[in-house]
2 protein chains.
Amino acid sequence: MKKNYLLTPGPTPLPPQVLESMARPIIHHRTPQFQAILKEASVGLKTVFQTSNDVFIISSSGTGAMEAAVMNLLSCGDTALVVQGGKFGERWTEISKAYGINCEIIDVEWGKAVDPEEISKRLKANPKIKAVFTTLCETSTGVDNDIEKIAGITRDSHAVLVVDAISGLGAIDLKTDAWGVDVVVSGSQKGLMLPPGLGFISLSPKAWKLAEASKSPRYYLDLRKARKALEKNDTPFTSSITLIIALNEALKMMREDGLENIFARHRKMADAVRAAMKALGLELFSPTAASDAVTAVKVPAGIDGEKLVKTMRDTYGVTIAGGQAELKGKVFRIAHMGFIAEFDIITGLSCLEKVLSTMGYKFTLGSGIKAAEEVFLK
Amino acid sequence: MKKNYLLTPGPTPLPPQVLESMARPIIHHRTPQFQAILKEASVGLKTVFQTSNDVFIISSSGTGAMEAAVMNLLSCGDTALVVQGGKFGERWTEISKAYGINCEIIDVEWGKAVDPEEISKRLKANPKIKAVFTTLCETSTGVDNDIEKIAGITRDSHAVLVVDAISGLGAIDLKTDAWGVDVVVSGSQKGLMLPPGLGFISLSPKAWKLAEASKSPRYYLDLRKARKALEKNDTPFTSSITLIIALNEALKMMREDGLENIFARHRKMADAVRAAMKALGLELFSPTAASDAVTAVKVPAGIDGEKLVKTMRDTYGVTIAGGQAELKGKVFRIAHMGFIAEFDIITGLSCLEKVLSTMGYKFTLGSGIKAAEEVFLK
């Protein structure tokens, strides 16, 4: 009897209501029954995106929605400013280059947040910059960027601000309209508690001006088609029916909880994990900008980081994430986003303590759990 | 108590095994457990595609896979020959034009199959044609094209043959390798008995030469990335985990049935529907090239076609499809593909008889059912 526990930053565990909804007999998408669901989900998405702009649902992974942002906003020869501080920041550059966009890059040290002042400087220095691409929570490093401050800079500039909120949306605060964020991109398998397979994107009126002028070739991800379809409460191509029905269930749960409570829950879990790491004598990968959605922790000297993650998963059924790209083997990441709660964190920490102990790492058994419990008791 | 019955050409009904698999707790995609499923599904897809080429799984609707074909094969300024004989043939033109492809169009009368000789003539007349885009089953008209004959022409030409098999795959025969079809595109929600949300595409070595040379901007749908990932038994971006697990279940069922039996079952259901329509005094929209996957039927004079479909659905719970685009209100379409069996067809026909009768259409009640039963008894 092996029980499995998922503490990864995408996919995140699925609530029973979401799972059950996907097992229902499928319905046709061009029916009043499905259109009512799509409408309800569209309204719910606006709440979670904290915007009055339309949120478009794309059948794709999050990367598809990121590419939709690039191709709909910019044309070959345009200039963009990209904040790179991890694997997903780099993805903005890769996509932009595929479209012939000139990329000015702010190369942030992995584990640090971007300095908003640097964005301000670059924008002033180069008035050709049409878009700033950045990341809310950089999943690969567990870093949150200060989107509120960045938006304060771009809002009065000629450039639009595009935020990859794939990992952060529904876990940490992102006041799209209030802060003045132009484009928010997200995906289904993180804070939204769904399987991967849906991408989301919202555009401000300022961003729509670029979308109407872009000359990049596009069809499936053409947001002009998505806007036209949404006016008739439809998607431009066959809706991902099952996942949208599941989305509606997840959004109902989020509505019942309320965004503020959801963010507070994530913050508390993050605090607990950070306190536990400290108690275990482990170092956060990002002490200065640690995310409330996922915590990246340095693998201590003498411990094989890949083996740690593998043993937790294969021997004990507790799946956390290892490091990606240049961080492979150097960090492990514990997610605390979506349908993850207090006692799931305790489970993850207990398994971590067990495996660290068997691997010869020296610490007081139970000290991590105790520190986490103290946070949860508050 | 209203029971619902789905007889539409996408989505098609989902088998209980598929539904159940989607309700299981989600697993992480970068685990040996998921990789085993992805590997098994990849092998199963090759069987259904009747090819030894890799079949790539994309998180997208079928249209995304169609666009992947266009952008990966051709560059701006290239020339393609497009067979248009319905809404989905026209989609090839729309996508191609979005990429600056010069389209030579064969405008086939809706309801007819393309004359393969016409393709031969066009290819000889214009050696610039790099790709021929066509459709296996044109869902909007219920027409099958003779892909075997067309492939016999393109095989020895400089052009690659690209077949939109979204509606036909797993319902009617398509011998990709044996006939010499270069690119096959499909989707999940038809013969494969899955929800919408997955696109599929396979490329011959001849097509890969074009894919390596294409200059069209691309990232998410870049098949070079998909090929590289598949070598490591992965997808380039987060896999649509739940739908791929469901795919594997559906492919297991198809393997147990065997392709020949599956095709024979579809043929028999199509024969039964066609016999029923004749007995009811109704005319097929395509008497010469009627598909074994879906039957389009002309709405008889004096009957409101849209009301017919709506009454069947809203009053009796039996969902068939109406006409699309220029066929709106002029035809209705009964699907017999995927997880649809003999007695589902009987149900659909019985409901059709009931509603036609209440709408004042004159025929002998039960005559359609009787004709269908005679076919099924054979």
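Residues numbered from 1 in each chain as written. Chains lettered and ligands numbered in written order. Predicted model: local features only at pLDDT ≥ 70, side-chain atom pairs only at ≥ 80, totals over all residues.

Right, let's talk about the overall build of chain A for a bit. Counting its secondary structure elements, chain A contains 14 helices and 14 strands. Scaling as 2.2 N^0.38, a compact globule of 378 residues should have a C-alpha radius of gyration of about 21 Å, and chain A matches this with 21 Å. Dimensions of chain A, computed from the C-alpha atoms along their principal axes, are close to 60 × 55 × 35 Å. In chain A, 72% of the contacts between residues at least 6 apart in sequence involve partners at least 24 apart. (Helix = DSSP H or I, 4+ residues; strand = E, 2+ residues; numbered from the N terminus. Rg over C-alpha atoms; globule rule 2.2 N^0.38 Å. Contact = placed C-beta atoms within 7 Å.)

Formed by 253 residues in total, the largest nonpolar core has its most connected members in Val185(A), Ile201(A), Val185(B) and Ile201(B). Not counting chain neighbours up to four residues away, the residues in contact with Ile201(A) comprise Phe56(A), Ile58(A), Ala65(A), Ala68(A), Ala69(A), Val183(A), Val185(A) and Leu223(A). (Core = buried A, V, L, I, M, F, W, Y, C linked by C-beta atoms within 7 Å. Buried ≥ 20, exposed ≤ 12 C-beta atoms within 10 Å, placed from the backbone.)

Turning our eyes to something else, we now look at the relation of the copies chain A and chain B. Between chain A and chain B, which share one sequence, the superposing operator has a rotation angle of 180° and an axial displacement of 0.0 Å; the RMSD is 0.0 Å. Taken together, the rotation angle and the small translation identify this as a two-fold axis. (Least-squares fit on C-alpha atoms with pLDDT ≥ 70 in both.)

This brings us to the packing of helix α13 (residues 342–358) of chain A against helix α14 (residues 367–377) of chain A. All names here are of chain A. Interhelical geometry of α13 versus α14 gives an angle of 165° and a closest axis separation of 9 Å. With respect to α14, the axis of α13 lies roughly antiparallel. When you trace α13 past α14, the crossing you get is right-handed. Where α13 abuts α14, its residues Glu-342, Ile-345, Ile-346, Leu-349, Ser-350, Leu-352 and Glu-353 lie against Gly-368, Ile-369, Ala-372 and Phe-376. (Axes fitted to C-alpha atoms, helices over the stretch in contact; angles between N-to-C directions. Parallel < 35°, antiparallel > 145°, perpendicular 65-115°, else oblique. Left-handed = near helix turned anticlockwise from the far one by under 90°.)

Okay, the sheet that holds strand β4 (residues 102–107) of chain B next. Strand pairing in a sheet relies on backbone hydrogen bonds. The paired strands run either parallel or antiparallel. Residue and element names in this part refer to chain B. In spatial order, the strands read β2-β10-β9-β8-β5-β3-β4; together these seven strands make up an open sheet with mixed pairing. Each having just a single partner strand, β2 (55–59) and β4 make up the two edges of the open sheet. Between one strand and the next, the sheet's axes are offset by a mean angle of 20°, whatever the strand orientation. Where strand β3 (residues 79–84) and strand β5 (residues 129–135) come together, four bridges link them in parallel fashion. Among the inter-strand pairings, Ala-80 is bridged to a residue of β5, identified as Ala-131. Its contacts with the sheet place helix α4 (residues 87–98) against β3, β4, β5 and β8 (160–164), and it is angled at close to 155° to β3. Each of β3, β4 and β5 is contacted by helix α5 (residues 116–125), which is oriented at about 150° to β4, the strand it contacts most. (Pairing = 2+ DSSP bridges.)

On to the interface of chain A and chain B. It is common to give the size of an interface as the accessible area lost on bringing the parts into contact. Taken residue by residue, the interface counts 45 residues in chain A and 45 residues in chain B. Elements with a contribution of two residues or more to the side of chain A that touches chain B: α1 (16–22), α3 (62–73), α4 (87–98) and α10 (241–257) of chain A. In terms of residues, the side of chain A that touches chain B owes the most to one element, α3(A), which gives four residues. Tallied by class, residues from the side of chain A that touches chain B come to 20 nonpolar, 20 polar and five charged. (Nonpolar A, V, L, I, M, F, W, Y, C, P; charged D, E, K, R; others polar.)

What follows concerns the pairing of strand β14 (residues 331–335) of chain A. Residues and elements named next belong to chain A. Judged by how many residues are buried, β14 sits mostly within the fold: five of five residues are covered. Side chains of β14 alternate between two faces, with Val-331, Arg-333 and Ala-335 and Phe-332 and Ile-334 buried alike. In this sheet, β14 lies alongside strand β13 (residues 321–322) in antiparallel orientation, the contact comprising two bridges. Counted as the bridge partner of Ala-321 is Arg-333 from β14.

This part covers the domain arrangement of chain A. Residues and elements named next belong to chain A. Annotation of chain A at the domain level lists domain 1 (5–11 + 258–377) and domain 2 (16–256). Centre-to-centre, using C-alpha coordinates, domain 1 lies 27 Å away from domain 2. The interface of domain 1 with domain 2 comprises 24 residues on the first partner and 24 residues on the second. Those elements that provide at least two residues to the side of domain 1 that touches domain 2 are α11 (259–279) and β11 (294–298). Taken together, the residues of the side of domain 1 that touches domain 2 sort by class into 14 nonpolar, eight polar and two charged. (Domains from an automatic or database assignment.)

What follows concerns the environment of Tyr99(A). Inspection of the secondary structure assignment puts Tyr99(A) in the loop between α4 and β4 (102–107). Remark: the alpha-carbon pair of Tyr99(A) and Val70(A), spanning 29 residues in sequence, is separated by 7.9 Å. If near-sequence neighbours (up to four positions away) are discounted, Tyr99(A) is found in contact with Val70(A), Met71(A), Leu74(A), Cys76(A), Ser216(A) and Pro217(B).

Here the focus is the packing of helix α2 (residues 32–49) of chain A against α10(A). Residue and element names in this part refer to chain A. Axis separation between α2 and α10 bottoms out at 9 Å; the angle between their running directions is 50°. With respect to α10, the axis of α2 lies oblique. When you trace α2 past α10, the crossing you get is left-handed. Between α2 and α10, the residues in contact are Phe-34, Ile-37, Leu-38, Glu-40, Ala-41, Gly-44, Leu-45, Thr-47 and Val-48 and Ile-241, Ile-244, Ile-245, Leu-247, Asn-248, Leu-251, Met-254 and Arg-255, respectively. Looking at the contact of α2 with α10 residue by residue, the class counts come to twelve nonpolar, three polar and two charged.

A cis geometry characterises the amide bond from Gly10(A) onward to Pro11(A), with omega recorded as 0°. The phi dihedral of Met193(A) falls on the positive side, at around 65°, and the residue is not glycine. Mapped onto the elements, Met193(A) comes out in the loop between β9 (183–187) and β10 (198–203). The backbone of Ala325(B) shows a phi angle near 50°, a positive value even though the residue is not glycine. For Ala325(B), the location among the structural elements is in the loop between β13 (321–322) and β14 (331–335).

All names here are of chain A. Taken in spatial order, the seven strands line up as β2-β10-β9-β8-β5-β3-β4 in an open sheet, and their pairing is mixed. Looking at strand neighbours, the two that pair on one side only are β2 (55–59) and β4, the edges of this open sheet. When strand polarity is set aside, the average angle formed by the axes of neighbouring strands in this sheet is 20°. Contacts from α2 reach β2, β9 and β10 within the one sheet, and its direction differs from that of β2 by about 110°.

Okay, the environment of Lys97(A) next. Structurally, Lys97(A) can be placed in helix α4. You can call Lys97(A) partly exposed: it has 16 C-beta atoms within 10 Å.

This part covers helix α11 (residues 259–279) of chain B. Residues and elements named next belong to chain B. Between its first and last C-alpha atoms α11 spans 30 Å; for 21 residues at 1.5 Å apiece the expected length is 30 Å, and the two agree. Those residues of α11 that sit buried are Ile-262, His-266, Met-269, Ala-270, Asp-271, Ala-272, Val-273, Arg-274, Ala-276 and Met-277. Where α11 terminates, the next one or two residues include Gly-281, which has phi positive at roughly 75°. (Expected span 1.5 Å × (residues − 1).)

Here chain A averages 97 in pLDDT, while 100% of its residues score no lower than 70. Taken over the whole predicted complex, pTM reads 0.97, whereas the ipTM for its chain interfaces reads 0.97. (pLDDT = per-residue confidence, 0-100.)

The next subject is the pairing of β14(B). As defined by bridge partners, strand β11 (residues 294–298) of chain B adjoins β14(B) across five bridges and the pair is classed as antiparallel. Opposite Val297(B), over in β14(B), you have Phe332(B) as the bridge partner.

Glancing now at helix α12 (residues 305–316) of chain B. Residue and element names in this part refer to chain B. The end-to-end C-alpha distance of α12, which contains twelve residues, comes to 16 Å, matching closely the 16 Å that a straight helix rising 1.5 Å per residue would cover. All of the buried residues along α12 are Leu-308, Val-309, Met-312 and Arg-313. The arc that holds every buried residue of α12, seen down its axis, measures 120°, which confines them to one face. Buried positions along α12 lie against β12 (318–319), β13, β14 and α13 (342–358). Downstream of α12 by one or two residues, Gly-317 has phi in the positive range, about 80°. (Arc of directions from axis to C-beta.)

What follows covers the environment of Pro9(B). All names here are of chain B. Here Pro-9 shows up in the loop between β1 (5–6) and α1 (16–22). For the pair Pro-9 and Gly-152, spaced 143 residues apart in sequence, the C-alpha separation works out to 28 Å. Excluding anything up to four places from it in sequence, Pro-9 contacts Thr-139, Ser-167, Lys-190, Ala-293, Val-294, Ala-321, Arg-333, Ala-335 and Met-337.

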